[in-house]
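Understanding the architecture of this molecule
Here's the letter readout for the chains.
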Amino acid sequence: MEELIEKLKGQLIEELNLEEVTPADIDAEAPLFGDGGLGLDSIDALEIILILERNYGIKIENPAQGKEIFYSVKTLAEYITKNQK
Amino acid sequence: MSTYITADCIISPLGIGTKQNLKAMEQCRSGIALQTNQLVADTEIMASVFANATNIDGYTKLESLIFSAIDNVVATSGISLTDKHTAVILSTTKGNVELLAQSTTCINPKAYLWNVAQTIDEHYHLANQTIVLSNACISGVSAMVVAKRLIDAGDFDSVVVVGADVLSHFITSGFLSFKSLSANRCLPFDARRNGLNLGEACGALVVSNRKTQGSICLRGGAISNDANHISGPSRTGYELNLAIRQAMAEAKIDVADISFVDTHGTATVYNDEMESKAVGLAELANKPVQSLKPYFGHTLGASGVIEAIVCVNELKTGLLYGTLGFEQTGTPITLNVSAQHQTLPMNSCVKTASGFGGCNAAIVLSVNDGATAELEQTENEIIASVEISNGVVTKNGEQIFANSEADFATFIREAHKQLGEANMKFFKMDDMSKLGYVAAEVLLQGIAFEPEKMGIVLSNSASSIDTDLRHQELINAGDADASPAVFVYTLANVVIGEICIKHKIKGENTFFVSRNYNRQWLHHYAQIAMQKQQMNYCIVGWCNLQSNNYNAIFELVKK
C-alpha cells in the first residue's frame, strides 16, 4: 500500500501539472479537492479517472461516483487495491 | 436606432434553408443519429452530422457551408457585400481545425481562423474585413450582440452574422474526455438527462437598421462572465441572469412582455441546473422554456445563430417548438418545459447561451419595434498599459521584469514568481492563458472595481493553436488519448475566463481573432460595450502566442 501511495503521488504531480509540489508535500490522508489540500477541481477529477484507466485498468463511468474514491491519495490507493484486476 | 433581422438561413442535417429545417422540426424530426462510420469519432456516438455534404471546389466543408448560407441571405435581403456599410461577422469555435490531423509540424494555413475570414473576404470581395468572433459556445449569440452594437454605433447599415462549426475527431474526442456526451438523444432539463449530443450546422442572418415587411426586431443584448470556473458553470446562475436582465433593460422590455425563453439547454447535468437557476432569478421560470438541442445537437459556433433564427420564426408564426423527449423536470428550479409544440400569442423572447471560459450571452428579439438608447461619442481614457514580449514585461512604458530565457515556459514562470502570487492554478494553464494571466495581474495592480463594471475584450491571430496542436498530437494515437486538461484550453477565450476568475470580473467578455492587432477598432468596440453594459472599465488587448513567439499588449481603459 505504501508503495502504491508513493507511486500515485508521483503520477498526480506529473499528470495534474502540480508544479512546485513534491511527493513529501502531499499528505496521503488530506482531502485532494476543495480549499486547503491540493485544491483540485472537476477537470483534475477527469484526469484522475484517466490515470486509473490507463495505469490500473479501472473504469469509472460516472464522475459523480468518484467523490468518495478521490477523497485522498489513501482512499484512491485503497480503491485501486480492491478493484485492480 | 433599431435593428432588425431581415434574412436568415439554416443549413443543418435536417435541411437546407430555414424552411426545410422548420418543416422537419414541425414533424418532430431530429438530426441526431448514431454515427457508426468513425468519420467524426473512433467510437459510436450520437451526433447530428451531414450525411453527404459536397464541398465547393477548392474549399473545405466549413467554407462551403458558409458560402451557401451567406449566398442565401444576400439573395433574400438584397444587401451588397461590397458596400462599405456592410460587414460580416463569423462566429466559429474551431473553424477548419480538422486540418491539423494532416500534420502538426507543417500547419495547413486554413487551420487558422483569420484565414477563414480572409477566404470569405476574397470570395465576396468584401469592402470590410470579416470580423471573427471565437468565444466558445456563446459565439453565435455574442456575434449578434456585436452586430447590433456596431449598427447602433453607426459603423454599418447591415451586418451578416454567420455561425459555423463542423465535427471532427478533434472536437468529439475532447467532449468524450469530458464525459459530457450522452449515449442517447439529449434530454434538456429532464430528470433523466445525462449529457449532450454534438452537431454540425451553419446559420447566417442579416442584422440591419432598415425594417422590412414583418421583420423581427433585435432589441437588446448583453454578455457576462461567471468568474467561477473555466469549464464548470456558475453555482448560482446569477451571471447568466445578469446578462438576461441587461439585455431586457436595453430592450426596455418587462417580464410581462416575454412570450418564451430559448435556452442553451445542452442537457448536461450542470449546465441545465445553472440555467434553471438563472431563468428563475430573472423571474422567467413561469414562461414557456425550450431547448432546441434535441433537433440539432450542440452545434457550437453555429448554435447561437441557428437557434436565434428558429426564435425569429417562432415569433413570426406563433408556433413554439417542443423540447423533444421532455417528460419530467430534473432541475432545481422547475421550468415550464413541454415536449409538445404549442401555439402562443407572441410578443418578445429571450435567447441565451453559456460556454467554457464561464461566458454567458443573452439577446431579446421582439415582434414590436424598439429603439435603443443613443451612444455617446467619447474617447477611452487609458488608465494603465502592460506589454509582454521578447523576455521583457513593461508597465506604462517602464520595464518591470526581464529574463533572457528563450523558452516561454521558463520566462513566464519567472515573471509569475516575481509577482509573489501563489495561485496553484497558474501551473495548470496553457501558455497563452499564462501570458494573458500575468499581463492582467500586472495591469490590475492597485485597481479597485465592482465585478459587473469591468469587462474584457481581447484578440489575437493564432487563437489557441499551440494547445490545438498538443491536443491533436495526443489524439493522433486514438481519440481515447485526449486529455480534458488540455482540451479545455483549445478555446482562445479561456484566457479571459482565467482572468475573470482571478479578478472577479463579471462584465462583457469577448474574444476576436484577426491577422494583425486592430487596436483602434478594439478600443472603439470596448467603448460601445462599456456604454451598453454600464461598465466603468474594460481590459482591451492582444494576447498572441505561437511556439515561443509571444506578445501581449493589455490596456485598462475607463469609459
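We now turn to the structure provided with this report. (Residues numbered from 1 in each chain as written. Chains lettered and ligands numbered in written order. Predicted model: local features only at pLDDT ≥ 70, side-chain atom pairs only at ≥ 80, totals over all residues. Heavy atoms only, no water.)

Regarding unusual backbone geometry
Residue and element names in this part refer to chain B. This is how the line gets drawn: Helix and strand assignments come from DSSP, with helices taken as H or I runs of at least 4 residues and strands as E runs of at least 2, each series counted from the N terminus.
The residue Cys28 is not glycine, and still its phi comes out positive at about 60°. Not every positive phi belongs to a glycine, and Gln38 is a case in point at roughly 60°. Relative to the elements of secondary structure, Gln38 occurs in the loop between β3 (32–35) and β4 (45–48).

Observations concerning the interface of chain B and chain A
Put simply, the rule is: The contact criterion used throughout is that any non-hydrogen atoms of two residues lie within 4.5 Å. The buried area of a pairing is the accessible area, by a 1.4 Å probe, that goes missing from both parts when the two are put together, added over both. For this analysis, a salt bridge means a side-chain nitrogen from Lys or Arg found within 4 Å of a carboxyl oxygen belonging to Asp or Glu. N or O atoms closer than or at 3.5 Å make up a polar contact, with two conditions inside protein: a donor-capable atom paired with an acceptor-capable one, and, for residues adjacent in sequence, both atoms drawn from side chains. Classes in brief: Ala, Val, Leu, Ile, Met, Phe, Trp, Tyr, Cys and Pro nonpolar; Asp, Glu, Lys and Arg charged; the others, Gly included, polar.
Contact residues are listed per partner, giving 20 residues for chain B and 22 residues for chain A. Both faces considered, chain B and chain A share a buried interface measuring about 1,600 Å² in area, 52% of it formed by carbon and sulfur atoms. Contact with chain A buries surface across chain B, with B:Lys179, B:Phe427 and B:Lys428 losing the most and accounting together for 40% of the total. If you look at where chain B meets chain A, you find four salt bridges. The salt bridge involving B:Lys425 is made with A:Asp41; its shortest N-O contact spans 3.2 Å. Counting across the interface, chain B meets chain A through 10 residue pairs in polar contact (both at pLDDT 80 or more). For the side of chain B that touches chain A, the elements supplying multiple residues, two or more each, are α10 (408–418) and α13 (484–487) of chain B. Among the elements that make up the side of chain B that touches chain A, the one with the highest residue count is α13(B) (three residues). Partitioned by chemical class, the residues of the side of chain B that touches chain A number 10 nonpolar, four polar and six charged.

Focus: helix α2 (residues 42–56) of chain A
For clarity, the threshold we go by: Take the number of residues in a helix, subtract one, and multiply by 1.5 Å to get its expected span. A simple rule labels every residue: compare its accessible area, found with a 1.4 Å probe on the protein chains alone, to the largest value its type can have, and call it buried under 20%, exposed over 50%, or partly exposed in between.
Helix length check: α2(A), at 15 residues, gives a terminal C-alpha distance of 21 Å against a target of 21 Å (1.5 Å per residue), a fit within 8%. Burial analysis of α2(A) places 11 of its 15 residues in the buried class, the great majority of the element. Of all the residues in α2(A), the buried ones are A:Ile43, A:Asp44, A:Ala45, A:Leu46, A:Glu47, A:Ile48, A:Ile49, A:Leu50, A:Ile51, A:Leu52 and A:Tyr56. On the buried face of α2(A), the contacting elements are α1 (2–15) and α4 (73–83) of chain A together with α5 (169–177) and α13 of chain B. Taking the backbone nitrogen of A:Ile43 as reference, a side-chain oxygen 3.1 Å away marks A:Asp41 as the first, capping residue of α2(A).

Bear in mind that shape data such as this cannot, by itself, settle questions of function.
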